[in-house]
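# Chain and residue survey
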Amino acid sequence: MSRSKPIAVVSGVAVAAVLLGVVSYTATRPTPPGAAGSSSVAEVSADPSAGVYAELEAYARRDPADRLALGRADAPVVLIEYADFKCGYCGKFARDTEPVLIENYVDEGVLRIEWRNFPIFGAESEAVARASWAAGQQGRFWEFHRAAYAEGAKEKGFGKERLAALAEEAGVPDAARFAQDTEGAAARKAVAADQEQGYSLGATSTPSFLINGRPIAGAQPLETFTQTIEAAAKAAKPSAGASKPAPDATR
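Keep in mind the model is a prediction, meaning the values are calculated, not measured. (Residues numbered from 1 in each chain as written. Predicted model: local features only at pLDDT ≥ 70, side-chain atom pairs only at ≥ 80, totals over all residues. Heavy atoms only, no water.)

## Focus: the overall build of the protein
In terms of regular secondary structure, the protein is built from eight helices and five strands. Counted from the first residue to the last, the protein has its helices and strands arranged as α-β-β-α-β-α-α-α-α-α-β-β-α. Here the protein holds 251 residues, and the buried ones make up 47% of them. Of the roughly 12,300 Å² of accessible surface on the protein, 55% is carried by carbon and sulfur atoms. (Helix = DSSP H or I, 4+ residues; strand = E, 2+ residues; numbered from the N terminus. Buried < 20%, exposed > 50% of the residue type's maximum accessible area, 1.4 Å probe, protein only. Areas by Shrake-Rupley, 256 points an atom, 1.4 Å probe, with all protein chains shown as cover.)

## Concerning the environment of Pro119
Note that Pro119 resides in the loop between strand E3 (111-117) and helix H3 (123-136). When sequence neighbours within four positions are dropped, the list of residues in contact with Pro119 reads Ala83, Asp84, Ser125, Glu126, Ala129, Val191 and Gln195. (Contact = heavy atoms within 4.5 Å.)

## Focus on unusual backbone geometry
Cis rather than trans, the peptide bond between Thr206 and Pro207 has omega equal to -5°. One non-glycine residue, Arg62, adopts positive backbone phi at about 50°. With respect to the helices, strands and loops of the structure, Arg62 is situated in the loop between helix H1 (11-28) and strand E1 (69-70). Of note, Asn212 is a non-glycine position whose phi angle comes to about 45°, a positive value. Inspection of the secondary structure assignment puts Asn212 in the loop between strand E4 (208-211) and strand E5 (214-217). Note on Asn212: relative accessible area 14%, which makes it buried.

## Quick look at the confidence of the model for the protein
Averaged over all residues, the pLDDT of the protein is 82; the fraction at 70 or higher stands at 75%. Segment residues 21-48: pLDDT under 50, and 44 contacts once partners within four positions in sequence are set aside and those in other chains are kept. Across residues 240-251 the pLDDT falls below 50, and counting only partners more than four positions away or on other chains, this stretch makes ten contacts in the model. (pLDDT = per-residue confidence, 0-100.)

Okay, here's the thing in structure tokens:
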């Protein structure tokens, strides 16, 4: 498969890339000294009916074997998250918003969450991104994700010993394999592919999201995500088969 950036030649996607790049900066830029109303939640327009680009829906992998994804592969709505484990806004989303989305939408079969490593804060960002991928190879990505985004976790850094401790906390069974996979070529290739995709979409900071082709940047309020997911699910119903599958008769 070519490593070129195909979305650059699609006019609608190019517009989305510009939008995501501008909004991404606006969402996470530092608050000017003395500014009133400082908040850890980005303030960006969130009309769920606007800014949907059908071409961007193709970036959902929907691979049942994807160890860095959560939810049904055939869910009507896919949320793709481009994030960095050293990003404070990403941690806020992981702690405050994502668990609600999992309970209300992933567990109900409406939503699938697909993670993309998008390390932008230097060597430790790269290292923890590879470590998360390595944890995923042993079926413990989301447990590692939870440990790495726990309150105060990023302040401890992501050196080699810290990554090993996070893997242990996440229940990664084979520590030697985890260490080897973290430094291996496959992890580097996987992280680089995710990162390239994020840059090609115009993302310049984290977190950045696509929800069925709609770019969203920053740790938006929960309502932004619920409204967008519900609008996307409603729009997908005629063609996506939003109903739950029949119970497995073998159980």
